[in-house]
Amino acid sequence: MANDHATATNVPVPYSTGDSAITETTIAEMRELAARYPVGRSALLPMLHLVQSVEGRVTPEGIEACADVLGLTGAEVSAVATFYTMYKRRPVGEYHVGVCTNTLCAVMGGDLIFERLKSHLDVGNDETTEDGKITLEHIECNAACDYAPVVTVNWEFFDDMTPQSATQLVDDLREGTEVKSPRGATICSWREAERVLAGFPDGRADEGPTGGKASLAGLRLARERNWTAPNGAAGSSNAAAAAESTVSPEAAAGPRPSDQPGKESQAVNGNDSRKED
Amino acid sequence: MLTPVLSDNWDQINAWQLSSYQRTGGYDALRTALAMQPADVVTAVKDSGLRGRGGAGFPTGMKWSFIPQDNPKPKYLVVNADESEPGTCKDIPLMMASPHTLVEGVIISSYAIRASVAFIYVRGEVLHVIRRLQQAVQEAKDAGFIGTNILGTGYDLDVVVHAGAGAYICGEETALLDSLEGRRGQPRLRPPFPAVAGLYGCPTVINNVESIASVPAIIKNGADWFSSMGTEKSKGMTLYSLSGHVTRPGQYEAPMGITLRQLIDLAGGVREGHELKFWTPGGSSTPLLTAEHLDVPLDYEGVGSVGSMLGTKALQIFDETTCVVRAVLRWTEFYKHESCGKCTPCREGTWWLVQILERLEHGKGTEADLATLLDLCENITGRSFCALADGATAPISSSIQHFKDEYLAHFEHGGCPFDPMASTVFATAGASA
């Protein structure tokens, strides 16, 4: 697959391209991160996320900058950077697309989705399309098994996927169409996402719903059947508060349409017997 | 049947915001706790019978009481939000929908053990959850619930949201500590236990998200209220996560001790036209169970009595279209990838397990390979610093125990006899192997 691809994983990693984007601002932000912890070195993982947000990968210059700020050697920082799967030595595309192929998602269709995307994008695992838009990677369990098969874009969830909906998703990303996670925000770039992971919020926490259908499956059933936890010492505050402040029976019955921006994964998944309602 | 407590506000408008959380009584428990002596908070959690929801089931209050209060070093609370055990998907929706439930629990728990800094170590691969946690902590700071002289009590606390970088091993508590110190996430030898020498060598409590999130409800409603739910030794309500071949997968919050038969019934049954083949009670590291275990109470003792573990209550349901050898091979590849490399039996053993299982799945194995596999498993289990390797062997030995014939069928068939399309959610209705 994609044997002659420019960023194929058998091509040597450029040690340094000599055009590092790390500036005094980056260094100042690294110091800010280190100051958040009782011991500065604890900020190393966030600092490496910051390096990726600036450089698009972990560069030698980024490693040296971390080392300088923390008083470590480059080798000590490299040892850490190479341990963690999210740190990339090769340039990552504008969008990182992850396909869960751990057992449950694989069985539910993740393997077929991954195969489809590899051939559709003409890349192998952990490789980037020629246009630099998409890096495809098979990922391990991402804690969304009740929405299997799961795909992520820049670590935002895309639920109940099919080969068709996954190819549509990557096509939309490549064409620059606005894409929203059904349980998250409008998709930003991978670098912007890395900046949030570094610890610099982007103010988009209020986008998206509280949860998807599966997250609310048990609660919805409990509401329908009037099942509650027993009353406690504080009185029936839970049930009473819920009854008062829930806006309507419809709201209690599940996520509202306004809570579900973006693509309805169900729409491309009409044959799925689980979507009976 | 279901007892929503942790999930009770998940259908509220903007449940993740402070104002919404407070409308449903949020942070009332914090006021109650701060009016108590820290030791009394520990006692309340002890009396409730709450046991760790991250898998091991260790009594939470007892863990807190191990913190040596005469030790002059700072104390730390670390929340393990690295949810990565295959099949486990309860903490992520909790933090997405109601991060303040966790944050309030963090403040109360930190007060109980007299920690001045708490960390929420959340896996890096969940961007929007991290956004919501960051915002919740900031809102709590702005409201005076985090910071100096909290609510005028003189208690000071800082809370840091820390994103990981993709390593299953960091869910292991001592590896998590090394990672939080800015190192490779590799487990530490115990003793000393973290309660004595944890983060930066200081007394540290590490608890799962769901454990800490359960604390506000216990303080608010009382230890007796909590222990009125559940079974004799497994108290309270908990989040059961159903995934796979069920009609309505999702989160089901119920008292400890509910059975899989009841849960599958609530979830609308196994997907139409199919039947249960095997399941995990608490993630892939817990030995597989089958339809004969449908009525086992899902509490620590019940699942233990049939040779498995309750684990994270991650109930992955597989029907008869699923090849057990393929499933186990994939999990084993995962453990191989995630082995941190520190201990030889795990680093080398998982490598060999994958090679043999690959051969078996492709129909090129022999019955002797099964014996070799079991022998390898025996030599790997219990011989490493942490439980990752033990988890790696659990699906292998349990699947051979329950499905030896299916392994043999691979030899006879000269490959996998299953159609991978048949097990997918987009298989046409009625499709079969």
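Everything quoted here is computed from the prediction, not taken from an experiment.

Thoughts on the overall build of chain B
The number of helices and strands found in chain B is 16 helices and nine strands. Taking 22 Å as the expected radius of gyration for a compact globule of 433 residues, we find that chain B reaches 22 Å, a close match to that expectation. Principal-axis analysis of the C-alpha atoms gives chain B an extent of 75 × 45 × 40 Å. Counted over contacts in chain B with a minimum sequence separation of 6, partners at least 24 positions apart contribute 70%. As displayed, chain B has an accessible area near 13,600 Å², and 51% of this comes from carbon and sulfur atoms. The centroid of the 35 positive side-chain charges in chain B is displaced by 5 Å from the centroid of its 47 negative side-chain charges.

So, the sheet that holds strand E1 (residues 95–100) of chain A
Residue and element names in this part refer to chain A. Strand order in the open sheet made by the five strands is E2-E3-E1-E4-E5, with mixed pairing throughout. For this open sheet the edge positions go to strand E2 (127–128) and strand E5 (156–158), each flanked by a neighbour on one side alone. In terms of strand pairing, E2 meets strand E3 (residues 134–139) through two bridges, oriented antiparallel. In the sheet register, Thr128 faces E3, and the bridge partner there is Thr135. Most of the contacts of helix H5 (residues 103–121) go to E1, to which it runs at about 140 degrees, and overall it touches E1, E3 and strand E4 (151–153).

Description of the side chain of Asp178 of chain B
Tracing the backbone shows Asp178 of chain B in helix H8 (residues 173–180). Leave out the neighbours within four places in its chain, and Asp178 of chain B touches Arg183, Arg184, Gln186 and Arg188 of chain B.

Focus: the pattern of salt bridges
Residues and elements named next belong to chain B. Per the stated rule, a full pass over the model turns up 35 salt bridges over all chains. The salt bridge involving Arg261 is made with Asp295; its shortest N-O contact spans 2.7 Å. Linking Arg261 in helix H11 (residues 260–266) with Asp295 in the loop between strand E8 (289–290) and helix H12 (300–305), this pair joins segments that are 34 residues apart in sequence. Of the charged contacts, one joins Glu333 and Arg330 as a salt bridge, the two residues approaching to 3.2 Å between their closest N and O atoms. Of the two residues, Glu333 and Arg330 both sit in helix H13 (residues 324–338), three residues apart, roughly one turn of that helix. By relative accessible area, which is 26% here, Glu333 ends up partly exposed. Beyond isolated ion pairs, a larger network of salt bridges with shared partners links Arg53, Lys90, Asp91, Glu210 and Lys313.

Focus: helix H14 (residues 344–361) of chain B
Every α-helix carries 3.6 residues per turn, so stepping three or four residues along brings you back to the same face. All names here are of chain B. The terminal C-alpha atoms of H14, which comprises 18 residues, lie 25 Å apart, in line with the 26 Å expected from a rise of 1.5 Å per residue. Taken as a whole, H14 has its buried residues at Cys346, Gly349, Thr350, Leu353, Val354, Ile356, Leu357, Leu360 and Glu361. Contacts from the buried residues of H14 go to H13, helix H15 (367–380) and helix H16 (388–413). Once H14 finishes, Gly363 follows within two positions and takes phi at roughly 75 degrees, a positive value.

Regarding the sheet that holds strand E7 (residues 276–280) of chain B
Adjacent strands of a sheet form backbone hydrogen bonds with each other and so pair up, either parallel or antiparallel. Taken together, five strands build an open sheet; the order of strands is E6-E5-E9-E7-E8 (chain B) and the sheet is mixed. The sheet terminates laterally at strand E6 (250–255) and E8 of chain B, the two strands that pair on one side only. Bridge count between E7 of chain B and strand E9 (residues 314–319) of chain B: four bridges; the pairing is antiparallel. Bridge pairing links Phe278 of chain B to Phe318 of chain B in E9 of chain B. Here H5 of chain A sits on the sheet in contact with strand E5 (237–244) and E9 of chain B, set at roughly 40 degrees to E9 of chain B.

What about the environment of Arg204 of chain A?
Tracing the backbone through its elements, the reader meets Arg204 of chain A in the loop between helix H7 (190–198) and helix H8 (217–224). Separated by 173 residues in the primary sequence, Arg204 of chain A and Arg31 of chain A have C-alpha atoms spaced 25 Å apart. Those residues within four positions of Arg204 of chain A in sequence are excluded, and the remaining contacts are Ala185, Thr186 and Cys188 of chain A together with His128 and Arg131 of chain B. Side-chain polar atoms of Arg204 of chain A contact the side chain of Glu207 of chain A, separated by 3.1 Å.

Quick look at the confidence of the model for chain A
Residue and element names in this part refer to chain A. Looking at chain A, pLDDT values average 86 and 80% of them are 70 or higher. For residues 1–6, every residue scores under 50 in pLDDT, and the model assigns this stretch 18 contacts once sequence neighbours within four places are set aside. Here residues 235–277 is modelled with pLDDT under 50, and outside its nearest four sequence neighbours on either side it reaches 79 contacts, counting other chains as well.

With respect to a nonpolar patch on the surface
Side chains of Phe58, Met62 and Phe66 of chain B sit close together on the surface and give an oily, nonpolar patch of about 270 Å² of accessible area. Turning to its location among the elements, Phe66 of chain B is positioned in the loop between helix H4 (60–65) and strand E1 (76–81).

As for the environment of Val78 of chain B
Residues and elements named next belong to chain B. You can see Val78 is positioned in strand E1. Along the backbone, Val78 and Glu173 are 95 residues apart, and their C-alpha atoms lie at a distance of 9.2 Å. In this view, Val78 contacts Phe119, Leu176, Leu177, Leu180, Leu199, Thr204, Val205, Ile206 and Asn207; residues no more than four positions away in its chain are not counted.

Focus: the domain arrangement of chain B
Residues and elements named next belong to chain B. Partitioning chain B into domains gives domain 1 (18–227), domain 2 (237–319) and domain 3 (324–413). Using only C-alpha atoms to locate each centre, domain 1 and domain 2 end up separated by 27 Å. With 19 residues of domain 1 in contact, the opposing surface of domain 2 contributes 17 residues. Summed over both partners, the interface of domain 1 with domain 2 buries about 1,400 Å², with 53% contributed by carbon and sulfur atoms. The largest per-residue losses of area from domain 1 upon contact with domain 2 belong to Arg53, Glu85 and Lys90, which jointly make up 30% of the total buried on that side. On the surface where domain 1 and domain 2 come into contact, there are two salt bridges. Linking Lys313 and Glu210 is a salt bridge whose minimum nitrogen-to-oxygen distance equals 2.7 Å. The tally of links between domain 1 and domain 2 comes to 14 residue pairs in polar contact (both at pLDDT 80 or more). Of the residues in the side of domain 1 that touches domain 2, the class split is seven nonpolar, seven polar and five charged.

Overview of the interface of chain B and chain A
Of the residues lining the interface, 98 residues belong to chain B; the matching set on chain A comes to 96 residues. Carbon and sulfur atoms make up 59% of the area that chain B and chain A hide from each other, which totals about 7,800 Å². For the pair chain B and chain A, the number of links is six salt bridges. Class assignment for the residues of the side of chain B that touches chain A results in 46 nonpolar, 34 polar and 18 charged.

So, the nonpolar core
All names here are of chain B. In terms of nonpolar packing, the biggest core is built from 200 residues, with Trp64 and Phe119 touching the most fellow members. When residues in this core are grouped by element, the largest group, nine residues, is from H16. With residues near it in sequence (within four places) discarded, Trp64 still touches Val41, Val42, Val45, Ser109, Ala112, Ile113, Val205, Asn207, Ile212 and Val215. Ranked by size, the runner-up nonpolar core spans 28 residues in total, among them Ile258, Ile264, Leu276 and Leu289.

Details of unusual backbone geometry
All names here are of chain A. Residues Ala148 and Pro149 are joined by a peptide bond in cis, for which omega reads -5 degrees. Mapped onto the elements of the fold, Pro149 is located in the loop between E3 and E4. With phi around 55 degrees, Asp122 is a residue other than glycine that occupies positive phi space. As for its placement among the helices and strands, Asp122 is situated in the loop between H5 and E2. The exposure class assigned to Asp122 is partly exposed, which follows from its relative accessible area of 41%.

Scoring rules and cut-offs
- Residues numbered from 1 in each chain as written.
- Chains lettered and ligands numbered in written order.
- Predicted model: local features only at pLDDT ≥ 70, side-chain atom pairs only at ≥ 80, totals over all residues.
- Heavy atoms only, no water.
- Helix = DSSP H or I, 4+ residues; strand = E, 2+ residues; numbered from the N terminus.
- Rg over C-alpha atoms; globule rule 2.2 N^0.38 Å.
- Contact = heavy atoms within 4.5 Å.
- Areas by Shrake-Rupley, 256 points an atom, 1.4 Å probe, with all protein chains shown as cover.
- Lys, Arg positive; Asp, Glu negative; His and termini not counted.
- Charge placed at Lys NZ, Arg CZ, Asp CG, Glu CD.
- Pairing = 2+ DSSP bridges.
- Axes fitted to C-alpha atoms, helices over the stretch in contact; angles between N-to-C directions.
- Salt bridge = Lys/Arg side-chain N within 4 Å of Asp/Glu carboxyl O.
- Buried < 20%, exposed > 50% of the residue type's maximum accessible area, 1.4 Å probe, protein only.
- Expected span 1.5 Å × (residues − 1).
- Polar contact = N/O pair within 3.5 Å; in protein donor to acceptor, adjacent residues only side chain to side chain.
- pLDDT = per-residue confidence, 0-100.
- Patch = residues over 30% accessible without salt bridge, like charges linked within 9 Å, V, L, I, M, F, W, Y side chains within 5 Å.
- Domains from an automatic or database assignment.
- Buried area = accessible area lost by both parts, 1.4 Å probe.
- Nonpolar A, V, L, I, M, F, W, Y, C, P; charged D, E, K, R; others polar.
- Core = buried A, V, L, I, M, F, W, Y, C linked by side-chain atoms within 4.5 Å.

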